[in-house]
Amino acid sequence: MQPTSSNLYVRENPELIDDPELAGHYLAAGKLVAFPTETVYGLGVDATNAHAVDRLFTIKGRPSNNPLIVHIAHLDQLTQVASHIPEDARALLEQFSPGPLTVVVPKQTTIVDSVTAGLSTVGVRIPAHPTALAMLQAAKRPIAAPSANRSRRPSCTTYESVLEDFSNAPTIDAILKGEASLIGMESTVVDCTRNTPRVLRPGAITWEQLRDVIPSIERAGQTVEPGENSPGRLHPHYQPNAIVQIVDSPESVSAEPDCAWLGLVSCSQPNRMGMHCAYSSIESFASNFYEALREADRRQLRVVYCQRVLDTGIGEALADRMRRAAEPK
Ligand code: TXA
Ligand code: MG
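Note that the structure is predicted; figures quoted are calculated from it, not measured. (Residues numbered from 1 in each chain as written. Chains lettered and ligands numbered in written order. Predicted model: local features only at pLDDT ≥ 70, side-chain atom pairs only at ≥ 80, totals over all residues. Heavy atoms only, no water.)

Enquirer: Explain unusual backbone geometry here, please?
Expert: Leaving glycine aside, a negative phi is the common case for residues, and trans is the common case for peptide bonds. For the bond from serine 97 to proline 98, the omega torsion is -10°, close enough to zero to count as cis. Tracing the backbone through its elements, the reader meets proline 98 in the loop between α3 (87–96) and β7 (101–106). The phi dihedral of alanine 117 falls on the positive side, at around 55°, and the residue is not glycine. Residue placement: alanine 117 occurs in the loop between β7 and β8 (121–125). A relative accessible area of 26% places alanine 117 in the partly exposed class. (Helix = DSSP H or I, 4+ residues; strand = E, 2+ residues; numbered from the N terminus. Buried < 20%, exposed > 50% of the residue type's maximum accessible area, 1.4 Å probe, protein only.)

What follows is the structure, encoded as structure tokens:
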């Protein structure tokens with residue numbers, strides 16, 4: 001590793017490590033460490049270290065107006081992140097943590113302003129992943145972590161994909177190796193700073209599950225309203241190099257060797273497609289979606305046809321990511 005300008009270290013390759021305690025110590029020392037979670041891989045940094053957080057935004061290529069989620073190991077660390085816990089946030093955390101839920105709550109002053117893109121609120125999550133929790137415990141501080149992909153690219157659900165995105169300098173310091181993420185869709189983000197909580201991003205905790213806890217909960221619309229406190233929705237996301245097209249039926253797809261099919265059923269001539277994935281369940285479709293987009297790019301395919309899915313359960317998150325992957329580049 002060679003020091004260059006004041007705050008960037010040019011690494012050739014991230015170090016691959018197996019030990020969550022070492023990963024925690026690296027984070028405490030201000031390093032950037034990717035780690036597995038049950039949703040997608042995260043790219044962690046000490047949320048109280050402004051210098052390290054700036055380096056993360058630069059290396060990921062993340063717009064500075066898109067805030068990061070802060071990860072903790074236990075509910076009793078909440079006061080290190082939040083200045084106040086609204087009742088609805090507490091009810092949701094008690095029901096779904098550890099797990100794929102992020103609540104947006106008023107921010108504690110020790111969390112550096114660049115983590116929250118200058119907002120007075122902060123997203124907090126406790127992941128349900130033993131390796132991530134062991135790392136967070138060893139770090140002994142709140143860890144800000146966006147998904148561990150280069151900005152705009154599909155998220156990573158394997159450490160090999162993280163390595164693929166960060167194999168060029170300047171890169172991150174280490175990758176904590178783990179299995180492939182089981183859920184494959186990011187956490188559900190709920191803004192709990194309003195009178196009525198609002199879902200900003202659909203995710204692995206479903207609308208139906210949230211409504212059982214807070215019957216009055218609202219959903220943000222698909223278009224961003226003026227003044228809406230949901231910066232992540234402004235930027236292009238989840239996009240492979242290939243063109244993504246959402247289709248209602250496999251019959252509308254012409255089988256070509258430079259095209260991929262992703263769906264719950266087969267398309268008519270699977271052997272003539274460059275890549276063909278027919279998943280046995282919506283959960284399996286969701287959990288493999290990002291990796292399939294990445295594989296299409298590895299094979300240099302031109303178009304990825306995605307079968308439209310029902311907007312219920314985990315299907316709501318998958319439909320959201322598909323729609324965003326298909327937006328014009
Ligand atoms: O499952 C996940 O949430 C993964 C894993 C690593 O935990 N993380 C993740 O982070 O998806 P990221 O940075 O890719 O997405 C964070 C989302 C963005 O849409 C961001 O705008 C929103 O959360 N967000 C974070 N803090 C916020 C805040 N204070 N107010 C509104 N939205 C916020
Ligand atoms: Mg992301």
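From this point, the narrative continues.
Enquirer: Whenever I open this one, the sheet that holds strand β17 (residues 303–307) confuses me. Can you help?
Expert: Pairing between sheet strands relies on hydrogen bonds along the backbone, with the strands arranged either parallel or antiparallel. Judged by pairing direction, the sheet is parallel, and its four strands sit side by side in the order β14-β17-β15-β16 without closing on themselves. What marks the edges here is a single partner per strand, and that holds for β14 (243–247) and β16 (275–278). Each adjacent strand pair in this sheet contributes to an overall mean axis angle of 15°, direction not counted. Relative to β17, β14 runs parallel, the two being bridged by five bridges. The residue of β17 that forms the bridge with isoleucine 243 is valine 303. Sitting on the sheet, helix α7 (residues 282–298) is in contact with β14, β15 (259–263), β16 and β17, with an inclination near 175° to β15. Contacting β14 and β17, helix α8 (residues 315–325) crosses the sheet at an angle of about 130° to β14. (Pairing = 2+ DSSP bridges. Axes fitted to C-alpha atoms, helices over the stretch in contact; angles between N-to-C directions. Contact = heavy atoms within 4.5 Å.)

Enquirer: Sorry if this is basic, but what is going on with the site of ligand 1 here?
Expert: Around ligand 1 sit 26 residues in total, of which Thr39, Arg62, Asn66, His71 and Ser187 are the nearest. Between ligand 1 and asparagine 66, the relevant distance is 2.7 Å, taken from an oxygen atom to a side-chain nitrogen or oxygen of the residue. Side-chain polar atom of serine 187 to an oxygen atom of ligand 1: 2.5 Å apart, as the coordinates give it. When ligand 1 is considered free in solution it has 680 Å² of accessible area, and contact with the protein chains removes 96% of it. For the shell around ligand 1, the secondary-structure elements that each account for two or more residues are β6 (69–71), β8 and β12 (198–201). Broken down by element, the residue count for the shell around ligand 1 peaks at four residues, all from β8. Counted by class, the shell around ligand 1 contains 12 nonpolar, 10 polar and four charged residues. (Near = heavy atom within 4 Å. Polar contact = N/O pair within 3.5 Å; in protein donor to acceptor, adjacent residues only side chain to side chain. Areas by Shrake-Rupley, 256 points an atom, 1.4 Å probe, with all protein chains shown as cover. Nonpolar A, V, L, I, M, F, W, Y, C, P; charged D, E, K, R; others polar.)

Enquirer: When you look at the pattern of salt bridges in this model, what are you seeing that I'm missing?
Expert: Side chains that carry opposite charge are capable of pairing whenever their charged atoms lie near each other. If you walk through the whole model with that rule in mind, you get 21 salt bridges. A salt bridge links arginine 153 to aspartate 297; its shortest N-O distance comes to 2.9 Å. With arginine 153 in the loop between β9 (143–144) and α5 (159–165) and aspartate 297 in helix α7, the pair connects residues that are 144 residues apart, well separated along the chain. On the basis of relative accessibility, which here comes to 12%, the residue aspartate 297 falls in the buried class. Aspartate 165 is the partner of arginine 294 in a salt bridge, and the nearest nitrogen-oxygen pair spans 2.9 Å. Here arginine 294 is found in helix α7, whereas its partner aspartate 165 is found in helix α5, with 129 residues between them in sequence. What emerges from the salt-bridge pattern is a single network uniting Arg153, Glu164, Asp165, Glu291, Arg294, Glu295, Asp297, Arg298 and Arg299. (Salt bridge = Lys/Arg side-chain N within 4 Å of Asp/Glu carboxyl O.)

Enquirer: Whenever I open this one, the sheet that holds β6 confuses me. Can you help?
Expert: Here we have 11 strands laid out as an open sheet, ordered β3-β10-β4-β5-β9-β6-β8-β7-β11-β12-β13, and mixed in their pairing. Each edge of the open sheet carries a strand with a single partner, namely β3 (15–17) and β13 (218–219). α3 contacts β7 and β11 (188–191) of the sheet and is inclined by roughly 155° relative to β7.

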